[in-house]
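Chain by chain, the residues:
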Amino acid sequence: MTIDFTCQKCEGSFELDVQDMVDGTEKLECPHCGVKAPQTQVDDFIAAFTEMQAQVTALGKRFAVVMSIETDEVDDDDDDEDEDEDEDDDDDDIDEDDDDVDEDEEDLAEDDAEEP
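From a predicted model like this one, the values you see are computed outputs, not experimental measurements.

Our next topic: unusual backbone geometry. Most peptide bonds adopt trans geometry, and most residues besides glycine take a negative phi value. A positive phi angle, close to 65 degrees, is found at Glu11, a residue other than glycine. When you line up the elements, Glu11 lands in the loop between strand 1 (2-6) and strand 2 (13-17). Here Glu11 falls in the exposed class, since its relative accessible area comes to 64%.

Pasting the structure below:
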């Protein structure tokens with residue numbers, strides 16, 4: 001299995017064989033500009049990938065599994081905070097809408113009171 005990488009520094013694209021990374025025969029390094037990933041991140045990635053591969057193998061007994069992961073799709077902690085703020089804004093909108101309903105009910109009550 002190969003993984004496609006795009007360097008954030010030079011925007012160069014390259015691919016690496018995952019098994020070569022696991023075996024330690026390939027390093028996660030941009031061949032265009034030489035940027036390297038910190039070894040602790042590489043070790044964590046390999047551990048996570050190895051676990052995922054084991055789970056996919058287990059699922060493969062009953063299902064065909066096809067995956068595609070883009071880093072743009074991966075949630076960031078900052079995004080979670082933004083979503084919380086948006087939810088709070090939605091709550092404010094609901095309260096404002098309730099006020100509009102109350103005013104409409106008051107107008108209707110006044111109209112009813114004025115009719116003979």
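Take Pro31: it is sitting in the loop between helix 1 (18-23) and helix 2 (39-59). Assessed through its relative accessible area of 59%, Pro31 is described here as exposed. Separated by 19 residues in sequence, Pro31 and Gly12 have C-alpha atoms that sit 8.2 Å apart.

This part covers the state of the cysteines. Applying the stated criterion to the full structure yields 0 disulfides. The thiol of Cys10 is unpaired, and the distance to the nearest cysteine sulfur, on Cys30, comes to 3.6 Å. Not part of a disulfide, Cys33 finds its nearest cysteine sulfur in Cys7, a span of 3.7 Å. Overall, Cys33 belongs to the partly exposed group, its relative accessible area being 32%.

Another point: the packing of aromatic side chains. All told, the structure shown has 2 aromatic pairs when counted by the stated rule. Both rings, one in Phe45 and one in Phe49, keep their centres 6.4 Å apart while their planes meet at 20 degrees; by these two values the pair is stacked. Residue Phe45 and its partner Phe49 are both found in helix 2; the two are separated by 4 residues, about one turn of the helix. Judged by relative accessible area, Phe45 falls into the partly exposed class, the value being 34%.

Reading guide: rules and limits
Residues numbered from 1 in each chain as written. Predicted model: local features only at pLDDT ≥ 70, side-chain atom pairs only at ≥ 80, totals over all residues. Heavy atoms only, no water. Helix = DSSP H or I, 4+ residues; strand = E, 2+ residues; numbered from the N terminus. Buried < 20%, exposed > 50% of the residue type's maximum accessible area, 1.4 Å probe, protein only. Disulfide = S-S within 2.5 Å. Phe/Tyr/Trp six-rings, centres within 6.5 Å; stacked < 30°, edge-to-face > 60°.

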